[in-house]
Amino acid sequence: MMNEEVKAYDPSNYSYAKASDYGYKDYKALKMAWKILKYILLAFSIFMIYFAVIIIAIQSFNSTDSTTEFASFTFQNYAKMFGKGSLNDSILNTFKTSIIATLVATVIGTFIAVGAYYLPPKIKNRLLLLNNIPLLNADIVTGISLMLIFSLFLTINKKFFGFWTITIAHIYFILPYIFLSVHPKMKEIDPNMLDASLDLGVKPFRSVLKVIIPAIKGGIFSGMVLAFTISFEDFVVGYYTKGNGYNTLSIWIYASIGRKSLYPGVYAFSTMVTAVMILAVVLFNVYKKFNLDVKIKKVFMNLRKKREAKLYEQK
């Protein structure tokens, strides 16, 4: 009887169950659409970020001053990039202000970050809060506040506004960035390093220079680069604290906006700065990827050994 029932069974008489019968939904089309949309959004974001840079680069090779038409390809804009006296002064002022402000802020911010790390937790948290206030404050409020403070010194010296005011202002608003770059690095080092060096008889200031600073040099360098970039492109704070006759590049460009066309050398200089920064980033990544620092040290060590061997043979 059982055999007859088995023989009578025919699979063709039954339909197979589908995944949809159990509530499964196929999202392949939706996933593919999202994948395509994701790449489109990525390409659009990159395009919007670099669109202005590309336009400036194209305009730097334009033979005409007009921004609405491209007459012909030329390198004359790069040749006469420094042909305008006021632009040269602005570029020089920008570099001078940014470099001095960055160096001073790096030194001060590094020592503040090192000192803050060894403070009691409550005082450290208060110091971190005070450091974050300038970062959250609007640039226009910072610029106007510093302008009002600097104006008090006009009774002492009417020529105070200019290099000194804009440099002090830049030091003020880039100092928190140095602190935020250096202070986290202090958490990565052994907290007993300073105590160990002091126990070995090294003076406190020399211990900071020889033990702590080399251990946090990565944070110092990154903070210094960030501070220089922010100082170099600043406009709002510098505009309110520059005084008469002292212009930086951003202020000079702002003063030239009302004209029919901008000096072509500005496009060339901007493109050159962008190219230098891209080259620096690429070289730095290559330097890190191939461990060139270790290879360079090995080369110098080999040269030193050869020199010592020659001196030994001469003796």
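Up top you'll find the structure we're talking about.
Throughout, residues of each chain are indexed from 1 in the direction in which the sequence is written. This being a predicted model, a pLDDT of at least 70 is required before a residue's local features are given, and a value of 80 or more before pairs of side-chain atoms are given or counted; all residues contribute to the totals for chains, interfaces and linings. Side-chain figures throughout are based on the complete set of non-hydrogen atoms in the structure, without hydrogens or water.

Caption draft 1: Local environment of helix H9 (residues 204-215). With twelve residues, H9 ought to run about 16 Å at 1.5 Å a step, and its terminal C-alpha atoms sit 16 Å apart, in line with that. Buried residues are those whose accessible area, probed at 1.4 Å on protein chains only, stays under 20% of the maximum for their type, while exposed residues exceed 50% and partly exposed ones sit between those limits. Every helix listed is a DSSP run of H or I at least four residues long, and every strand listed is a run of E at least two residues long, numbered separately from the N terminus. Listed in full, the buried residues belonging to H9 are Ser207, Val208 and Ile212. Projected down its long axis, H9 shows its buried positions confined to an angular sector of 100°, all on one face. Those residues of H9 that are exposed and angled more than 90 degrees off the buried face are Arg206 and Lys210. Summarising the contacts, the buried residues of H9 are in contact with helix H4 (85-117), helix H7 (163-186) and helix H8 (193-199). A helix is expected to reach a length of 1.5 Å times the quantity of its residues less one. By arc we mean the arc of the directions from the helix axis to the C-beta atoms, nothing more. Here a residue-residue contact requires only that any non-hydrogen atoms of the pair lie within 4.5 Å.

Caption draft 2: Seen up close, the layout of surface pockets. Counted as a void, the largest pocket has a volume near 1100 Å³. Using only the protein atoms, space was sampled on a 1 Å grid; points where a 1.4 Å probe fits but cannot get out form cavities, open sets with protein on both sides within 12 Å along at least five of seven lines form pockets, and lining residues are those with an atom within 4 Å of a point. In this structure, the largest pocket is lined by 32 residues; those nearest its centre are Thr229, Phe232, Val273, Thr274 and Met277. At the level of elements, helix H2 (28-59), H4, helix H10 (217-233), helix H12 (249-256) and helix H13 (264-289) are the ones that each hand at least two residues to the lining of the largest pocket. The dominant element in the lining of the largest pocket, judged by the number of residues it contributes, is H13, at 16 residues. Here the nonpolar group is Ala, Val, Leu, Ile, Met, Phe, Trp, Tyr, Cys and Pro; Asp, Glu, Lys and Arg are the charged ones; every other residue, Gly included, is treated as polar. Broken down by class, the residue content of the lining of the largest pocket amounts to 24 nonpolar, seven polar and one charged. Grid points are joined across faces, edges and corners, and a volume is the space filled by probe spheres set on the points. Estimates place the volume of the second largest pocket at around 210 Å³. The set of elements that each furnish at least two residues to the lining of the second largest pocket consists of helix H5 (121-136) and H7. The dominant element in the lining of the second largest pocket, judged by the number of residues it contributes, is H5, at five residues. Taken together, the residues of the lining of the second largest pocket break down into nine nonpolar, one polar and no charged.

Caption draft 3: Quick look at the packing of H4 against H9. Here the axes come from fitting lines to C-alpha atoms, over the contacting stretch only for helices, and the angles between their N-to-C directions go from 0 to 180 degrees. Their axes nearest at 12 Å, the elements H4 and H9 cross at an angle of 95°. It follows from the interaxial angle that H4 and H9 lie roughly perpendicular. In this structure, H4 uses Thr110, Phe111 and Val114 to contact H9, whose residues at the interface are Phe205, Val208, Leu209, Ile212 and Ile213. Of the residues contributing to the contact of H4 with H9, the split by class is seven nonpolar, one polar and no charged. Put simply, angles under 35 degrees are roughly parallel, angles over 145 are roughly antiparallel, angles from 65 to 115 are roughly perpendicular, and the rest are oblique.

Caption draft 4: Broad picture of empty space enclosed by the protein. Overall, the coordinates contain one cavity of 30 Å³ or more when judged by the stated rule. If you go around the largest cavity, the residues you meet are Thr94, Thr97, Ser98, His170, Ser231, Phe232, Asp234, Thr248 and Ser250. For the lining of the largest cavity, the secondary structure elements donating two or more residues are H4 and H10. With three residues, the top contributor of residues to the lining of the largest cavity is H4. When grouped by side-chain class, the residues that make up the lining of the largest cavity number one nonpolar, seven polar and one charged.

Caption draft 5: Quick look at the nonpolar core. Judged by nonpolar contacts, the single largest core of 27 residues is most densely connected at Val114, Phe150, Ile174, Val182, Met186, Ile212 and Ile216. Of all the elements in the fold, those that place two or more residues in this core are H4, helix H6 (139-151), H7, H9 and H10. The dominant element in this core, judged by the number of residues it contributes, is H7, at eight residues. Take the buried Ala, Val, Leu, Ile, Met, Phe, Trp, Tyr and Cys residues and link them wherever side-chain atoms come within 4.5 Å; each set so joined is a nonpolar core. Among the nonpolar cores identified, the runner-up in size contains twelve residues, and Phe232, Tyr263, Tyr267 and Ala268 belong to it.

Caption draft 6: Structural detail: the environment of Leu198. Along the chain, Leu198 falls in helix H8. Residue Leu198 is classed as partly exposed on the basis of its relative accessible area, which comes to 34%. Separated by ten residues in sequence, Leu198 and Val208 place their C-alpha atoms 10.0 Å apart.

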